[in-house]
Amino acid sequence: MNRAELERYIAEHYDAQSDHPWLGDPNFEVFRHKDNRKWFALIMDVPRSKLGLQGDEALDVVNLKCDPVMAASLHGEHGILPAYHMNKEHWITLALDGSVPEETVKLLVDMSYIATASKSKRRI
């Protein structure tokens, strides 16, 4: 899944707002719940070297909220990294270069959306 596909998935499945809160980083896009304004996804382009990867070219990634136990078990999976510039216990970074299967990306976005929802909306 690439950046455009992820943006389209979020737009089609969630009543969410996107914004670009950092003027100096126009490619950093935050997706928030409309009611509580909490982030559930942050899409960025980050130099590979800042992610502990080889090279300096930019890589599109998404940060997602994740259960700490699940986050720890996912670290080391191809394309899934400790969160870039966020709490590494509660957030993960996924490469948007096709290295993470599309269904895995969708599942983790869904879980992040639920984890950041208002308590009243988490009930099923």
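Scroll up to find the structure.
Residues numbered from 1 in each chain as written. Predicted model: local features only at pLDDT ≥ 70, side-chain atom pairs only at ≥ 80, totals over all residues. Heavy atoms only, no water.

Asks: Honestly, the pattern of salt bridges in this entry has me stumped. Any pointers?
Replies: Should their charged atoms come close, side chains of opposite charge can pair. Counted by the stated rule, this structure contains seven salt bridges. Arg3 is the partner of Glu7 in a salt bridge, and the nearest nitrogen-oxygen pair spans 3.2 Å. With Glu7 and Arg3 both in helix H1 (residues 3–13), this residue pair falls four residues apart, about one helical turn. The class for Glu7 is partly exposed, based on a relative accessible area of 23%. Judged by its relative accessible area of 13%, Arg3 is buried. (Salt bridge = Lys/Arg side-chain N within 4 Å of Asp/Glu carboxyl O. Helix = DSSP H or I, 4+ residues; strand = E, 2+ residues; numbered from the N terminus. Buried < 20%, exposed > 50% of the residue type's maximum accessible area, 1.4 Å probe, protein only.)

Asks: Explain the nonpolar core to me, please; I cannot follow it from the model alone.
Replies: Generally speaking, a soluble globular protein has its nonpolar side chains buried in company with each other. Among the nonpolar cores identified, the biggest contains 22 residues, and Leu6, Ile10, Val62, Leu64, Ile92, Leu94 and Val109 are the most heavily contacted of them. Contributing elements (two or more residues each) for this core: H1, strand S3 (39–47), strand S4 (58–65), helix H2 (68–74), strand S6 (91–95) and helix H3 (102–115). Setting aside chain neighbours within four positions, we find Ile10 in contact with Phe31, Phe40, Ala41 and Val109. Listed in part, the 14 residues of the second largest apolar core include Met44, Ala83, Met86 and Ala95. (Core = buried A, V, L, I, M, F, W, Y, C linked by side-chain atoms within 4.5 Å. Contact = heavy atoms within 4.5 Å.)

So far we have only geometry, and geometry alone does not tell us how the molecule works.
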